[in-house]
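Close look at the chain arrangement
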Amino acid sequence: SEPSHMLGDCTAHGEGDMARASKVSEAGAARIGSTGYSGWRGTLREVRKRQRQDLAVSTGLTGESQTVVIINDVQLAENALQARDANEILRLVGRLVGYFEAPRLLWREPSQSFQTERQRQLRHVVLQLLGVVDDRGLDSDDPGTRKLLKIPFKHI
C-alpha cells in the first residue's frame, strides 16, 4: 500500500506551507523519535512511561505538521509489519492512536471529508498493527502483549 496515497497528497499545499510543515514535523518527529523503543530492555513501567510520552507528542501535533508525521508513521508501520518487528509495531500503535479524533455524531461539513477519510485509514493501519486485519501484526492473545497495550487502549 502507498501510505502517502492513503492519507492524501501533501503536495496540494503551497510550497511555503510544505516547507513550514516539514520543519515543524521534523521537530515533532525528533521529539517522538527520542522515545523510541528500538532494542529496548525496560520494565513495564518504563515502557508505559514512553507510551505516555508518545501520546502526549502525537496528540499535540495539528494541521500540516500532523499530516506529514502521520504519513511518515504509516510508512514506518508498513515497514514494521513487513519486518514483523514487534517492538516497532507496539511503538507505532501508541503513536498512531494519539492521532485519533473523538467520534463525532453530528453531520460533517464537506471540508471535513479529508479528515474523516484520514481517521478511517488510521484506524485500518492500527487494526493491521494489532493483527486484527491480517496475521502480520501483534499477537493480541498473548497476556504480555495485552499488558504492553494497556496505555494505547486506554487512550482509544
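Nothing here was measured: the structure is a model prediction, and the numbers come from that model.

1. Examining the overall build of the chain
- The helix and strand inventory of the chain stands at eight helices and zero strands.
- The linear arrangement of helices and strands in the chain, starting from the amino end, is α-α-α-α-α-α-α-α.
- Classification of the 156 residues of the chain by burial places 39% in the buried group.
- Here the analysis covers contacts within the chain between residues at least 6 apart in sequence; of these, 67% occur between residues at least 24 apart.
- Of the roughly 8,900 Å² of accessible surface on the chain, a fraction of 53% belongs to carbon and sulfur atoms.

2. Considerations on a nonpolar patch on the surface
- A grouping of Leu127, Val132 and Val133 is seen on the molecular surface, where their side chains present a nonpolar patch of about 240 Å² in accessible area.
- Owing to a relative accessible area of 57%, Val132 belongs among the exposed residues under this scheme.

3. Regarding helix H5 (residues 86-96)
- Of all eleven residues making up H5, nine are buried, and the element is well covered by its neighbours.
- Backbone nitrogen of Asn87 and a side-chain oxygen of the N-cap are separated by 3.2 Å at the start of H5; the cap is Asp85.

4. Concerning the confidence of the model for the chain
- Overall, the prediction assigns the chain a mean pLDDT of 74, with 65% of residues at 70 or greater.
- Every residue in residues 1-38 is under pLDDT 50, and counting partners more than four places away or in other chains gives 55 contacts.

5. What about the nonpolar core?
- The biggest cluster of nonpolar side chains holds 23 residues, and the ones touching the most others in it are Ile89, Val93, Leu96, Tyr99 and Leu129.
- Elements with a minimum of two residues in this core: helix H4 (63-83), H5 and helix H6 (113-129).
- With six residues, the top contributor of residues to this core is H4.

6. Quick word on the side chain of Glu88
- Considering the arrangement of structural elements, one finds Glu88 in helix H5.
- A polar atom in the side chain of Glu88 sits 2.3 Å from the side chain of Arg91.
- The residues contacting Glu88, other than those within four sequence positions of it, are Leu76 and Ala80.

7. Regarding unusual backbone geometry
- Positive phi outside glycine occurs at Arg84, with the angle close to 55°.
- Note that Arg84 resides in the loop between H4 and H5.

8. Points about the pattern of salt bridges
- Under the counting rule described, the total for this entry stands at five salt bridges.
- Its salt-bridge partner being Arg120, residue Glu117 comes within 2.5 Å of it at the nearest N-O pair. With Glu117 and Arg120 both in helix H6 and three residues apart, the pair spans about one turn of that helix.
- Judged by its relative accessible area of 32%, Glu117 falls in the partly exposed class.
- Under the relative-accessibility criterion, Arg120 is labelled partly exposed at 42%.
- The partner of Asp134 in a salt bridge is Arg136, with the nearest N and O atoms 3.4 Å apart.
- The exposure class assigned to Asp134 is partly exposed, which follows from its relative accessible area of 23%.
- Linked through salt bridges whose partners overlap, the residues forming this network are Glu78, Asp134 and Arg136.

9. Brief notes about H4
- Between its terminal C-alpha atoms H4 stretches 30 Å, which fits the 30 Å expected from 21 residues at 1.5 Å a residue.
- Looking at H4, one finds that the buried residues are Ser65, Gln66, Thr67, Val69, Ile70, Ile71, Asp73, Val74, Ala77, Glu78, Ala80 and Leu81.

Cut-offs and rules
- Residues numbered from 1 in each chain as written.
- Predicted model: local features only at pLDDT ≥ 70, side-chain atom pairs only at ≥ 80, totals over all residues.
- Heavy atoms only, no water.
- Helix = DSSP H or I, 4+ residues; strand = E, 2+ residues; numbered from the N terminus.
- Buried < 20%, exposed > 50% of the residue type's maximum accessible area, 1.4 Å probe, protein only.
- Contact = heavy atoms within 4.5 Å.
- Areas by Shrake-Rupley, 256 points an atom, 1.4 Å probe, with all protein chains shown as cover.
- Patch = residues over 30% accessible without salt bridge, like charges linked within 9 Å, V, L, I, M, F, W, Y side chains within 5 Å.
- Salt bridge = Lys/Arg side-chain N within 4 Å of Asp/Glu carboxyl O.
- Polar contact = N/O pair within 3.5 Å; in protein donor to acceptor, adjacent residues only side chain to side chain.
- pLDDT = per-residue confidence, 0-100.
- Core = buried A, V, L, I, M, F, W, Y, C linked by side-chain atoms within 4.5 Å.
- Expected span 1.5 Å × (residues − 1).

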